[in-house]
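Remarks on the overall topology
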Amino acid sequence: HIDIDDGNECTIDHCDPETGIWTETLHCVAQDECTEGHCDPKIGCIDEAIKCDDYDECTTDNCDPESGCVHIDIECDDYDACTEDDCDSDSGCTYSSIECDAPNACYTAYCDRSEGCIIEPVECDDYSKCTDDTCDDNEGCVYTTISCDDDDECTEDCCHPNLGCLHKEITCEAEDFCSLTYCDKEEGCVTEPIECEGDEDECFTAECDPEVGCVYKEVICDDDDVCTYDECDSEKGCVYTNCETYSCWTTGCDEYGCTWEMYNCDDYDECTEDYC
């Protein structure tokens, strides 16, 4: 027998009586879909695991003996509702914070890690009873001062943050003792002069002194005539009466006042009786 071994484990050596020695290439069959068979000239068939790396950081690479390479998308969920979870084939999972936008100035927007974006109305209460609290879509909270005007000029209107509108009665003070002051709801404080009672008695004059009030003075009825009686009548005022006249008397007046002289009825006749 001749030696037909060519020393190569990757060939099958044959000898044919007619043609002589010839070789057949050895075909190495893989054990499964996860291996690849090849031949080493020194040791023969070798099974090597195949490489399933798809160079994509967004997949996990495995091998199924029956089907071969399997590429499964990785799970990038960070269980945070405030991030947008994505995957980049070069760098793997990426997490970008989401923006929560309020529809207008009357709402606030924030993110809750469990629920995601939450939109809530703005609280515009300034806890003051002196303002009307509203919200403008563009400006946000608007605090408008309320009017406490009660249309009464006899009150002082103001507002207390805790109590609201207050109406305090004003005090109308007279300027002096000759004026009377009161309050009118439409005009406010009104001052009128005092009418001193007693003006109906013509024998007295009533005047008002700003410091003490009404002052009453008796009328002096003196006509500087000694020949008249000077009196005062409460209805007529000063009355000047001439000297009285009497029967059988003549009335006259001298520097001291009224004079009276009895008539002289003597007719100088002794035969008559003279009298008045």
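As the structure is a computational prediction, the values presented were derived from the model and not from experiment. (Residues numbered from 1 in each chain as written. Predicted model: local features only at pLDDT ≥ 70, side-chain atom pairs only at ≥ 80, totals over all residues. Heavy atoms only, no water.)

**Remarks on the overall build of the protein chain**
Each helix and strand in the protein chain was counted, giving zero helices and 22 strands. Its C-alpha atoms put the protein chain at 240 × 25 × 25 Å along the principal axes. For the protein chain, the proportion of its 276 residues judged to be buried stands at 17%. The contacts in the protein chain between residues at least 6 apart in sequence include a share of 24% that link residues at least 24 apart. Summed over its atoms, the accessible surface of the protein chain is roughly 21,300 Å², and 45% of this surface lies on carbon and sulfur atoms. Between the centroid of the 8 positive side chains of the protein chain and the centroid of its 87 negative side chains there is a distance of 7 Å. (Helix = DSSP H or I, 4+ residues; strand = E, 2+ residues; numbered from the N terminus. Buried < 20%, exposed > 50% of the residue type's maximum accessible area, 1.4 Å probe, protein only. Contact = heavy atoms within 4.5 Å. Areas by Shrake-Rupley, 256 points an atom, 1.4 Å probe, with all protein chains shown as cover. Lys, Arg positive; Asp, Glu negative; His and termini not counted. Charge placed at Lys NZ, Arg CZ, Asp CG, Glu CD.)

**Focus on unusual backbone geometry**
In the Ramachandran plot, Asp151 falls in the positive-phi region, its phi being about 55° despite a non-glycine side chain. Its location among the elements puts Asp151 in the loop between strand E12 (140-145) and strand E13 (155-160). Backbone geometry at Cys248 places phi at a positive 75°, although glycine is not the residue there. Positionally, Cys248 belongs in the loop between strand E20 (237-242) and strand E21 (249-254).

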